[in-house]
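What the coordinates show
One-letter residues, chain by chain:
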Amino acid sequence: MPAILFVDDDEEILTLGKLFLEGSGTMTVDIVTSATMAIEKLSRGKYDAILSDYHMPVMNGIELLHRVRDEFGDIPFILFTCDDAQEILTEALESGVNYCIVKSPEPKHQFMTLGYLLRHLIRLRQSRDKQKKPKVHEQ
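Here goes a summary of the coordinates provided.

Scoring rules and cut-offs
- Residues numbered from 1 in each chain as written.
- Predicted model: local features only at pLDDT ≥ 70, side-chain atom pairs only at ≥ 80, totals over all residues.
- Heavy atoms only, no water.
- Axes fitted to C-alpha atoms, helices over the stretch in contact; angles between N-to-C directions.
- Helix = DSSP H or I, 4+ residues; strand = E, 2+ residues; numbered from the N terminus.
- Parallel < 35°, antiparallel > 145°, perpendicular 65-115°, else oblique.
- Left-handed = near helix turned anticlockwise from the far one by under 90°.
- Contact = heavy atoms within 4.5 Å.
- Phe/Tyr/Trp six-rings, centres within 6.5 Å; stacked < 30°, edge-to-face > 60°.
- Buried < 20%, exposed > 50% of the residue type's maximum accessible area, 1.4 Å probe, protein only.
- Nonpolar A, V, L, I, M, F, W, Y, C, P; charged D, E, K, R; others polar.
- Pairing = 2+ DSSP bridges.
- Expected span 1.5 Å × (residues − 1).
- Arc of directions from axis to C-beta.
- Salt bridge = Lys/Arg side-chain N within 4 Å of Asp/Glu carboxyl O.

Observations concerning the packing of helix α1 (residues 11-23) against helix α5 (residues 107-132)
Closest axis-to-axis distance for the α1/α5 pair is 9 Å, and the angle between their directions is 60°. What the angle tells us is that α1 and α5 run oblique. By crossing handedness, the relation of α1 to α5 is classed as right-handed. Along its contact with α1, which presents I13, L16, G17, F20 and L21, the element α5 presents P107, K108, F111, L114, G115 and L118.

Here's what the structure looks like:
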């Protein structure tokens, strides 16, 4: 089952997200309240995708994305933010985020959509990784 790392400084959002995303029975979700904690988790374990808030103390979501790309490669990354400022969304896309989703007041629908996007991104990465593996010819 795919493992998701969900990063947000709002514990209520983390709890709701974990509940809805794991409720589908198709993924497990680890939650952390800071980008620093996310880096620690990534150093100790393997995650198939990251869902991160933008506004967090110490390191924002785009700064986390840069660290992830530099240290852990191209793990699918969704920026999940309450800020729909064009500058932030543009910076995120230019930084290599896979998707930017603006938080809505309707969490059930929002997390259903996020679950679909996470599963889709993970399948795309797995498919791409399979195509990259060299084929071994038997003699």
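Some remarks on the packing of aromatic side chains
Counted under the stated rule, the structure contains 4 aromatic pairs. Consider the rings of F6 and F111, whose centres lie 6.1 Å apart with planes at 65°: the pair is edge-to-face. Taken together, the positions of F6 in strand β1 (residues 3-7) and F111 in helix α5 put the pair 105 residues apart, joining distant regions of the chain. Since its relative accessible area comes to 0%, F6 is described here as buried.

Focus: the packing of helix α2 (residues 35-44) against helix α3 (residues 61-72)
Angle between the axes and distance between the axes: these two values describe a pair of packed helices. The contact between α2 and α3 brings their axes to 11 Å, and the two run at 15°. Between α2 and α3, the angle is such that the two are roughly parallel. For α2 against α3, the interelement crossing comes out right-handed. For the pair α2 and α3, contact is made by A35, A38, I39, L42 and S43 and by L64, R67, V68, E71 and F72, respectively. Per-class residue counts for the contact of α2 with α3 are 7 nonpolar, 1 polar and 2 charged.

Some thoughts on the sheet that holds β1
Taking strand neighbours across the sheet as the criterion, the 5 strands line up as β2-β1-β3-β4-β5 in an open arrangement whose pairing is parallel. The sheet terminates laterally at β2 (28-32) and β5 (99-102), the two strands that pair on one side only. Across the sheet, the mean angle separating the axes of adjacent strands is 20° when strand polarity is ignored. Judged from the 5 bridges that link them, β1 and β2 form a sheet pairing that is parallel. The residue bridging V7 from the neighbouring strand is V32, located in β2. Strand contacts of α2: β1, β2 and β3 (49-52), with the helix running at about 160° to β1, the strand carrying the most contacts.

A look at α1
The end-to-end C-alpha distance of α1 is 18 Å, a good match for the 18 Å that 13 residues give at a rise of 1.5 Å each. Along α1, the residues that are buried comprise I13, L14, G17 and L21. An end-on view of α1 places all buried positions within 95° of arc, on one side of the element. Exposed side of α1, more than 90 degrees from the buried face: E11, E12, T15, L19 and G23 are the residues found there. Lining the buried residues of α1 we find β1, β2, β3, β4 (77-81) and α5. Phi for G25, located one or two positions after α1, is positive at around 75°.

Section: the pattern of salt bridges
Overall, the coordinates contain 8 salt bridges when judged by the stated rule. The salt bridge involving E22 is made with K18; its shortest N-O contact spans 3.0 Å. On the criterion of helical spacing, the pair formed by E22 and K18 is a turn pair, its members being 4 residues apart in helix α1. With relative accessibility at 29%, the residue E22 sits in the partly exposed group. Classification of K18 as partly exposed rests on a relative accessible area of 27%. Between D53 and K103 there is a salt bridge, with the nearest N and O atoms lying 3.4 Å from each other.

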